[in-house]
Amino acid sequence: MTLKADILGYPPRRFIRTVLAVVGVLLLVDALVLMAMGHFNMGVVLPAIFGSTALWLSWKWQSVQVWRARRPMHARLWTLAWTGFAIWLLSLLWFWSRLFTLGLEPQQVPPVQSIVVLGSGTLNGHPRPVLAARLDTAAELAKLQPTAFIAVCGGVDWGEKESEAEIMARYLQQRHGIAADRMVLEKLSTSTELNIQLSRPMLAERGVPADAPVAVVSSDFHLMRAMNIASRQHLLEVYPVAAPTPLATRFNAWLREYFAMASSWLLGEV
């Protein structure tokens, strides 16, 4: 039997191609649906790339295996590529396992003087689902701690006329009945670092000392980075409160955060 015939007749060939095709379709459909909803980030683009690559490999599997067997260098490149992918995948799973252990439920938070709600994104004057989940969690905490001030943070998103902070405040008032005089609106920030940094002096103006206990409310996937940033800003008593990520975007949000965390580390933000 020739080498080519041996490769093409390798028993798991059909199974591997089927798995690649199924995974490719799932990843590509997931990405295209979110792109149609206006989501363009690494958590969406990368699944589109992976999905397209998996479909191409399923289609060209025989040709790729012939190419791999043609020269020893090709085989080494093939092995190196899959090894690198496996290492990256293990690092991603390790990162996700860390995220599972972070965050308190609203009822677990000790008494605090302020609640800082980190921005996420708005669309047509309304919070996107991830931000709405943060606000719902913050409202639950605010009702448990009625004396705490609430800082809502975020500047004007692309295509919007109002700041995230204004949209967040309106949502808390209309959906949860939170009084306007309890809220501090930080309308200028464009990042998590600025969310925390710019809200602190505004809370100080309302009588909240810099060393007072504070609850930071963000999505479950975002808390690791948020807490590292808070630590670098010398906040001494911070309680992380986790808002659940909507199931439809959870995989993509957690994937995006992997790269956001790496970027923040390279930039010295965490």
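Here we summarise the structure given alongside this text.

The rules we used
- Residues numbered from 1 in each chain as written.
- Predicted model: local features only at pLDDT ≥ 70, side-chain atom pairs only at ≥ 80, totals over all residues.
- Heavy atoms only, no water.
- Salt bridge = Lys/Arg side-chain N within 4 Å of Asp/Glu carboxyl O.
- Buried < 20%, exposed > 50% of the residue type's maximum accessible area, 1.4 Å probe, protein only.
- Helix = DSSP H or I, 4+ residues; strand = E, 2+ residues; numbered from the N terminus.
- Polar contact = N/O pair within 3.5 Å; in protein donor to acceptor, adjacent residues only side chain to side chain.
- Contact = heavy atoms within 4.5 Å.
- Expected span 1.5 Å × (residues − 1).
- Bend = angle between axes of the 7 residues up to and from the residue.

### Some points on the pattern of salt bridges
Working step 1: Scanning the model with the defined rule gives three salt bridges in all.
Working step 2: We note a salt bridge from arginine 170 to glutamate 162, for which the minimum N-O separation is 2.9 Å.
Working step 3: Look at glutamate 162 and you get partly exposed, because its relative accessible area is 28%.
Working step 4: We note a salt bridge from arginine 225 to glutamate 257, for which the minimum N-O separation is 2.7 Å. Here arginine 225, found in helix H9 (residues 223–232), pairs with glutamate 257, found in helix H10 (residues 247–266); they are 32 residues apart in sequence, far enough to count as distant. Both residues of the pair, arginine 225 and glutamate 257, belong to the buried class.

### Focus: the side chain of threonine 245
Working step 1: With respect to the helices and strands, the residue threonine 245 is situated in the loop between strand E7 (238–243) and H10.
Working step 2: Side chain to side chain, threonine 245 and aspartate 220 meet in a polar contact 2.5 Å long.
Working step 3: Threonine 245 has contacts with Ser219, Asp220, Phe221, Arg250, Ala253 and Trp254, leaving out every residue within four places of it along the chain.

### Some details on helix H8 (residues 192–205)
Working step 1: Under the 1.5 Å per step criterion, the end-to-end length of H8 is 21 Å for 14 residues, consistent within 8% with the ideal 20 Å.
Working step 2: For H8, the principal kink sits at serine 199 and spans about 25°; a proline, proline 201, occurs within the next four residues.
Working step 3: Every buried residue belonging to H8 is among Thr192, Asn195, Ile196, Ser199 and Leu203, and all of these are buried.
Working step 4: Residues of H8 that are buried make contact with strand E1 (114–117), strand E4 (149–153), strand E5 (183–186) and H9.

### Re helix H3 (residues 42–59)
Working step 1: Taking 1.5 Å as the rise per residue, H3 with 18 residues should run 26 Å; its terminal C-alpha atoms sit 25 Å apart, in good agreement.
Working step 2: When H3 is considered as a whole, its buried residues turn out to be Gly43, Val44, Leu46, Pro47, Ala48, Gly51, Ala54, Leu57 and Ser58.
Working step 3: Turning to H3, the residues buried within the fold contact helix H2 (13–36), helix H4 (61–70), helix H5 (72–99) and H10.
Working step 4: The N-terminus of H3 is capped by asparagine 41, whose side-chain oxygen sits 2.9 Å from the backbone nitrogen of glycine 43.

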